[in-house]
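Geometric and topological summary
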Amino acid sequence: MVKNKKEYVLRIVKILERNFEQTKYPINFSNNFELLVAVILSAQCRDEMVNSVTENLFKRYKKIEDYANANIFEFENYIRSAGFFRNKAKNIIRSAQLIMNSYNGVLPQTMEELIKLPGVARKTANIVLSVAFNKSEGIAVDTHVIRIANLLKLTKCKNPIKIEEDLIKVIPKKYWANFSFYIQSLGKRICKARNLNHSVCPLNAICPTGRHHV
Ligand code: SF4
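Quick caveat, the model's predicted, so the values are computed rather than measured. (Residues numbered from 1 in each chain as written. Predicted model: local features only at pLDDT ≥ 70, side-chain atom pairs only at ≥ 80, totals over all residues.)

**A word on the overall build of the protein chain**
Helix and strand counts for the protein chain stand at eleven helices and two strands. Computed over its C-alpha atoms, the radius of gyration of the protein chain comes to 18 Å, within 12% of the 17 Å expected for a compact globule of 214 residues. With the C-alpha coordinates aligned to their principal axes, the bounding extent of the protein chain is approximately 55 × 30 × 30 Å. When each of the 214 residues of the protein chain is scored for burial, the buried share is 36%. Within the protein chain, residue pairs in contact and separated by at least 24 positions form 55% of the contacts whose partners lie at least 6 positions apart. (Helix = DSSP H or I, 4+ residues; strand = E, 2+ residues; numbered from the N terminus. Rg over C-alpha atoms; globule rule 2.2 N^0.38 Å. Buried ≥ 20, exposed ≤ 12 C-beta atoms within 10 Å, placed from the backbone. Contact = placed C-beta atoms within 7 Å.)

Written out as structure tokens, the structure reads:
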């Protein structure tokens, strides 16, 4: 059973790879801390809006010290359009302060350390580890992965931690980072929350949800 599931997942990964390999990472950043900031801002916020917010933010705040010393009210104004701006501002500034105080101003490179930063859970840490450091300690589970992993029957859970455990069991480690990225790309373009475009989906021949609707 597990073997079959592994073969099924591998087919999914290969198909997604063919379709989304050339897709550019949608969020703009020019260093690892900016990536962390952008990923924190991306919670419940579209990529285009994140990029529009960070365009000015990254001009005003250049180094981690600038974030650590930021005036929270001024900072909030810069990120207001990203939503949940009070929490996000607090988390970003406190993360910068913790990095300055505990990690000599250098963004840590392990899951264990990253999830100690305010506002950073496993999803954000997994993205930062894979995109910034090319490391895979897990699989980033965001809303697209939660939804589509269920549609593909790779899990029966809605809890991101449990979904990550289910996926790790069947996806070879070398695909962990790309799997999330491909599924996010699929979720944004084709398998959308309010509009599952089964007929144009590259997975429709094998997806247990889609194949009955083509
Ligand atoms: S076939 Fe349909 S449900 Fe399955 S992944 Fe594609 S769009 Fe989503």
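**Considering the domain arrangement of the protein chain**
The domain boundaries assigned to the protein chain delineate domain 1 (2–24 + 138–200) and domain 2 (32–133). Each of domain 1 and domain 2 has a C-alpha centre, and these two points are 26 Å apart. Ranked by residue count, the leading element in the side of domain 1 that touches domain 2 is helix H10 (residues 160–170), at three residues. Counted by class, the side of domain 1 that touches domain 2 contains six nonpolar, one polar and two charged residues. (Domains from an automatic or database assignment. Nonpolar A, V, L, I, M, F, W, Y, C, P; charged D, E, K, R; others polar.)

**Some words on the site of the ligand**
Taken together, 13 residues sit near the ligand, with Cys191, His198, Cys201, Cys207 and Gly210 positioned nearest. Along the lines of polarity and charge, the residues of the shell around the ligand split into eight nonpolar, five polar and no charged. (Near = placed C-beta within 6 Å.)

**A closer look at the packing of helix H2 (residues 32–41) against helix H8 (residues 122–133)**
Relative orientation of the contacting elements H2 and H8 amounts to 145°, with a least axis distance of 10 Å. Once H2 is placed against H8, the crossing between them reads as right-handed. Of the residues in H8, those in contact with Asn32, Leu35, Leu36, Val39 and Ile40 of H2 are Thr124, Ile127, Val128, Val131 and Ala132. Split by residue class, the contact of H2 with H8 holds eight nonpolar, two polar and no charged. (Axes fitted to C-alpha atoms, helices over the stretch in contact; angles between N-to-C directions. Left-handed = near helix turned anticlockwise from the far one by under 90°.)

**Quick notes on unusual backbone geometry**
Glycine aside, residues mostly have negative phi, and peptide bonds are mostly found in the trans state. Phi is positive for Gln44, close to 55°, though the residue is something other than glycine. Within the secondary structure, Gln44 is located in the loop between H2 and helix H3 (47–60). Residues other than glycine seldom take positive phi values, yet Asn134 does so here, at roughly 55°. For Asn134, the location among the structural elements is in the loop between H8 and helix H9 (143–151).

**Focus: H3**
Helix length check: H3, at 14 residues, gives a terminal C-alpha distance of 20 Å against a target of 20 Å (1.5 Å per residue), a fit within 8%. Its maximal kink placed at Thr54, H3 deviates by approximately 30°. Close packing links the buried residues of H3 with H2 and helix H5 (72–79). (Expected span 1.5 Å × (residues − 1). Bend = angle between axes of the 7 residues up to and from the residue.)

**As for the nonpolar core**
The biggest cluster of nonpolar side chains holds 57 residues, and the ones touching the most others in it are Leu36, Leu41 and Val128. Looking at this core element by element, the count peaks at eight residues for H2. Two domains each put at least three residues into this core: domain 1 (2–24 + 138–200) and domain 2 (32–133). Beyond its immediate stretch of four places on either side in the chain, Leu36 contacts Ser95, Leu107 and Val128. (Core = buried A, V, L, I, M, F, W, Y, C linked by C-beta atoms within 7 Å.)

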